[in-house]
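# An overview of the molecular structure
Take a look at the letters that make up each chain.
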Amino acid sequence: RKLLHFQLDAGIDALLVCGTTGEAPTLSDEESTALLCEAVKTAQKVGFKNISLDLIYGLPNQTLELLQKDLDTITSLNIQHISTYGLKIEENSFWGKNVPPNLPNDDMQADMYIFINNYKQNFIVTLRQIKELVKDKQVVELFTSSGNSL
């Protein structure tokens, strides 16, 4: 929290929260998700209003079901921007020479790309519908009294 306050006081008004730096995993998927959510919530409590997340898909052992779970979690955080990237392993890199097991094949990665774009489109439509409802003062009061923010 001290570092977040320091950044805000220094005039930094945007934050990109990352889930990994590429090191060998020492946390389970559940622990990583909980840590990511806590980082976002802490930044919001401190006062950051412009928070972004990057999501990499096509990871070892990733399925469409796991991808949907990640997207559901991320979109529930009330952040301002999500970027998605397909994992690309360069042929002459360390991982290109030591390909991780259980990588989704090209067809699955294409399916993930389509799934993400459909998910984003549905999410945008839902936001538009909410904005239409927001014109109704009673809906806004009900929504915000339930602990949500606009």
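The following paragraphs examine the structure supplied in this document.

What counts and how
- Residues numbered from 1 in each chain as written.
- Predicted model: local features only at pLDDT ≥ 70, side-chain atom pairs only at ≥ 80, totals over all residues.
- Heavy atoms only, no water.
- Axes fitted to C-alpha atoms, helices over the stretch in contact; angles between N-to-C directions.
- Helix = DSSP H or I, 4+ residues; strand = E, 2+ residues; numbered from the N terminus.
- Parallel < 35°, antiparallel > 145°, perpendicular 65-115°, else oblique.
- Left-handed = near helix turned anticlockwise from the far one by under 90°.
- Contact = heavy atoms within 4.5 Å.
- Nonpolar A, V, L, I, M, F, W, Y, C, P; charged D, E, K, R; others polar.
- Expected span 1.5 Å × (residues − 1).
- Pairing = 2+ DSSP bridges.

## Concerning the packing of helix α1 (residues 2–9) against helix α2 (residues 29–46)
Here α1 crosses α2 at 45°, and the two axes come no closer than 10 Å. The angle between the axes of α1 and α2 places the two elements in the oblique class. Here α1 runs over α2; the crossing is right-handed. The segment α1 lies against α2, with Leu4, His5 and Leu8 engaging Thr42, Ala43 and Val46. Broken down by class, the residue content of the contact of α1 with α2 amounts to four nonpolar, two polar and no charged.

## Notes on α2
End to end, α2 covers 26 Å across 18 residues, agreeing with the expected 26 Å (1.5 Å per residue, within 8%). Those residues of α2 hidden inside the fold are in contact with α1, β1 (14–17), β2 (50–57) and α3 (64–75). Immediately downstream of α2, the backbone of Gly47 shows phi near 130°, a positive value.

## Overview of the environment of Ala14
Here Ala14 shows up in strand β1. Separated by 29 residues in sequence, Ala14 and Ala43 place their C-alpha atoms 9.9 Å apart. Sequence-distant contacts of Ala14, defined by excluding residues within four places in its chain, comprise Phe48 and Asn50.

## Let's talk about the sheet that holds strand β3 (residues 81–86)
Hydrogen bonding along the main chain pairs the strands of a sheet, whether they run parallel or antiparallel. Ordered by their spatial adjacency, three strands build an open sheet running β1-β2-β3, and the pairing between neighbours is parallel. Two strands in the sheet have a free side with no partner beyond their single neighbour: β1 and β3. The average angle at which neighbouring strand axes cross in this sheet is 20°, direction not considered. The sheet contact formed by β2 and β3 spans six bridges and is parallel. For Ser52, the partnering residue across the bridge sits in β3 and is His81.

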